[in-house]
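# Close look at the chain arrangement
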Amino acid sequence: MMHSNLAISLQESSAYTSQQEPLLFVRDSDGRYLAAPDDHIIEVARLAVERSVSRGAKLTTPNRVREFLWLKLAGYDHEVFGAIFLDTQHRVIEFSELFHGTLDSASVYPREVVKAALRHNAGAVIFTHNHPSGEPDPSDADRRITQRLQEALGLIEVRVLDHIVVGGAESVSFAERGYL
């Protein structure tokens, strides 16, 4: 990965390229300005979001949560199930990728989720997973595992605030759909 120390400009087109997409230019270690590759831009965006949603930050709006989760899960070609562990005031403790799966499923074990919640001393949790197909609608299996997790975590007094499914540029919130 090319490391740069300065993002310079967003440009609609350039004499040096035939692309019609906006380009972000970065300065390399020799002082030359080059179009940043997409994977570099995504990685830097992930780092910026992690800084803005770091330990102790409050996730105050659903859009902020969605933005954070989209950047965390963008680009995976397999399912990833994760959780944002929160304290009792809903401040971020940590985001954890708990399970990695295949193209269309990931095995989720409630016992391991409960252990992670206890390890983080969480008071609440927001679950997330991606659908590499790009279709964010939750499956029946997604709804069943969320119910099982909610029941298991209820035994140790950890509230499940939401489960957000990310598919492409779209996402679906269980809380907004009334599934929780």
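In this report, we go over the structure that sits alongside the text. (Residues numbered from 1 in each chain as written. Predicted model: local features only at pLDDT ≥ 70, side-chain atom pairs only at ≥ 80, totals over all residues. Heavy atoms only, no water.)

The number of helices and strands found in the chain is five helices and eight strands. Along the chain, helices (α) and strands (β) appear in the sequence β-β-β-α-α-β-β-α-β-α-β-β-α when read from the amino end. Taking the contacts inside the chain whose residues are at least 6 apart along the sequence as the reference set, 59% of them involve residues at least 24 apart. (Helix = DSSP H or I, 4+ residues; strand = E, 2+ residues; numbered from the N terminus. Contact = heavy atoms within 4.5 Å.)

Moving on to the side chain of His131. Secondary-structure assignment places His131 in the loop between β6 (124-130) and α4 (140-154). Those residues within four positions of His131 in sequence are excluded, and the remaining contacts are Glu79, Pro136, Asp137, Pro138, Asp142, Val165, Val166, Gly167 and Gly168.

Another aspect to go through is the pairing of β6. Each regular strand displays side chains that alternate between the two surfaces of the sheet. Extensive coverage of β6 is indicated by the burial of seven of its seven residues. Judged from the seven bridges that link them, β6 and strand β7 (residues 159-167) form a sheet pairing that is parallel. When the sheet's bridge partners are listed, Phe127 is paired in β7 with His163. Once you follow β6 into α4 and on to β7, the crossover reads as right-handed. (Buried < 20%, exposed > 50% of the residue type's maximum accessible area, 1.4 Å probe, protein only. Pairing = 2+ DSSP bridges. Right-handed = clockwise from strand over helix to strand, strands pointing away.)

Further remarks concern the sheet that holds strand β8 (residues 170-173). If you trace the five strands from one edge of the open sheet to the other, you get β5-β4-β6-β7-β8, paired in mixed fashion. Single-partner strands in this sheet number two, and they are β5 (92-100) and β8. Each adjacent strand pair in this sheet contributes to an overall mean axis angle of 20°, direction not counted. Together, β4 (80-86), β5, β6, β7 and β8 form the strand contacts of helix α2 (residues 62-73), whose direction differs from that of β7 by roughly 55°. Contacting β4, β5 and β6, helix α3 (residues 110-119) crosses the sheet at an angle of about 160° to β5. (Axes fitted to C-alpha atoms, helices over the stretch in contact; angles between N-to-C directions.)

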